[in-house]
Amino acid sequence: MRSTVITAVHARDVRFPLKPGEGVDAIHTNPQYAYAVTLLATNTSLRGTGLAFTLGAGTELVCDAIRMLAQPLEGREIEELMADFGRLTRQIADHPQMRWLGPHKGVVHLALASLTNACFDLWAKTRGVPLWKLLLDLTPEAIVALLDLSYLEDVLIPSEAINMLYREMTHRKERAAILTQGYPGYDTSVGWFHYDDRQLIENARRAADAGFSAMKLKVGSPNPAHDIRRALLVRETVGRDVRIMLDANQQWTLPMALHACQELASMQPYWIEEPTHPDDVIGHQTLARSIAPIRLAVGEHLPNRVVFKNYMQANAVHFIQADCTRVGGVSEFITVSLLARRFNLPVAPHVGDMGQIHQHLTLFNRIALGHETVFLEYIPHLRDRFRYPAQVEDGVYRTPQEPGSSADLIDCT
């Protein structure tokens, strides 16, 4: 097999307009779905594609950071590169000057996510397999070599991670049924913040008719009564058997969240997502204790494994929503998933990639790590922009078969 060498790294600022109302939540009132795309050119016909998700303005900053951080990848053979990828990602994340802009968060960490995701995509294409199969074919030692476990030594060291993976290997056969069954999804496009009641009802019925047994509603209004009314409307429309998640997009203060969550309890939310500021671990801890048994989900705006660790240690979260286009890419997503397994918490990713890459990662989480099958967020708005869009039928993600991570965008070169 011919060696695949990265000959150049390119960054592209790609933005997609949305239809009125799409993507709108309590704070992001004029979103434009966008990606800082890494393209890895090689000495073969193969190319790696990596994504970091943004909402339009600022994408150019992430692209600039991709170019500044890319040098360690150029001239490297992909198999050799990935054999010690954890060390390399730590080197890039700890760039002696760029690190000051984070550390391990914001623009520079989004750039690392895009670069990392491109490497995994190229690696899978080089081996001619979808990303989920590439990851499942690796030994536990090879998986852990992909990861930067620094700052986690108090809860997870490399040998423990390797042992965890070996223990789970004995259960892989029965879990592999998920490959034919498909991974369940939930419809997050039902209840964008500016949708009126008529559209809300129509969307909820449409999602239920399409086979989704779970859906999401945006909340976070300055007037909690508005959120309560809309939530009860959706519950009345779909009945008690459908799981409804509520997403406040960080817009409540802690006192507001305490009041709103208690008022919303009557409609039995499956979780309440991002109820207050994502940096406020203790605030989430207080809320989790006060509103039990209502559960909290966070992760869309948690930037790295250390913050996730703190949430888990504080018992401040019930669902881990790590996103490989927000944390430092596929490798840090796997790290957070290992932490979540260590703390016995389910992973239900936020999908800045529209589920394209995460459809692979949830299969890996289920089969290799023994994570509970929850569901994967589904956002349909960019389906026609991807070369191989995720196939969701009867509310279920069908297992992708094309080599790579499903991240290739049409007309992005």
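Rules used in this analysis
Residues numbered from 1 in each chain as written. Predicted model: local features only at pLDDT ≥ 70, side-chain atom pairs only at ≥ 80, totals over all residues. Heavy atoms only, no water. Buried < 20%, exposed > 50% of the residue type's maximum accessible area, 1.4 Å probe, protein only. Helix = DSSP H or I, 4+ residues; strand = E, 2+ residues; numbered from the N terminus. 1 Å grid on protein atoms, 1.4 Å probe; cavity = no way out; pocket = protein on both sides within 12 Å on 5 of 7 lines; lining within 4 Å. Points joined across faces, edges and corners; volume = space filled by probe spheres on them. Nonpolar A, V, L, I, M, F, W, Y, C, P; charged D, E, K, R; others polar. Disulfide = S-S within 2.5 Å. Pairing = 2+ DSSP bridges. Axes fitted to C-alpha atoms, helices over the stretch in contact; angles between N-to-C directions. Contact = heavy atoms within 4.5 Å.

Counting buried residues along helix α16 (residues 358-369), 11 of its 12 residues qualify, which places the element largely inside the surrounding structure. Along α16, the residues that are buried comprise H358, Q359, H360, L361, T362, L363, F364, N365, I367, A368 and L369. G370, located one to two residues past α16, shows a positive phi value of around 75 degrees.

Attention shifts here to the layout of surface pockets. Taking a probe equal in size to a water molecule and rolling it over the atoms shows the remaining empty space. Roughly 490 Å³ of internal volume is contained in the largest pocket. Looking at the largest pocket, it is lined by 26 residues, and the ones nearest its centre are H28, F53, L55, E300 and H301. Among the residues making up the lining of the largest pocket, the classes are represented as 10 nonpolar, nine polar and seven charged.

Another point: the state of the cysteines. Evaluation of the coordinates by the stated rule reveals zero disulfides. Note on C63: no disulfide assigned, nearest cysteine sulfur contributed by C412 at a separation of 9.2 Å.

This brings us to empty space enclosed by the protein. Counted by the stated rule, this structure contains five cavities of 30 Å³ or more. Considered as a void within the structure, the largest cavity measures approximately 100 Å³ in volume. Around the largest cavity, the lining residues are T89, A93, H104, H109, L112, D148, R305, G328, S331, E332 and T335. Of all the secondary-structure elements, those providing two or more residues to the lining of the largest cavity are α3 (85-93), α4 (106-127) and α15 (330-342). If you tally residues by element for the lining of the largest cavity, the top one is α15, at three residues. Split by residue class, the lining of the largest cavity holds two nonpolar, six polar and three charged. By volume, the second largest cavity amounts to about 70 Å³. Lining the second largest cavity, in full, are L69, I92, A93, H95, M98, R99, H104, V108, H109 and L112. Among the elements of the structure, α3 and α4 are those that each provide at least two residues to the lining of the second largest cavity. Per-element tally for the lining of the second largest cavity: the top contributor is α4, with three residues. Taken together, the residues of the lining of the second largest cavity sort by class into six nonpolar, three polar and one charged.

Strand order in the open sheet formed by three strands is β1-β2-β3, and the pairing between neighbours is antiparallel. Each of the sheet's edge strands pairs with one partner strand only, and the pair in question is β1 (6-16) and β3 (47-54). Within this sheet the neighbouring strands show an average axis-to-axis angle of 20 degrees, counted without direction. Along the sheet face, helix α1 (residues 59-69) touches β1, β2 (33-42) and β3 and points at about 175 degrees away from the line of β1. Contacts from α4 reach β1, β2 and β3, with the element oriented near 150 degrees to β3.

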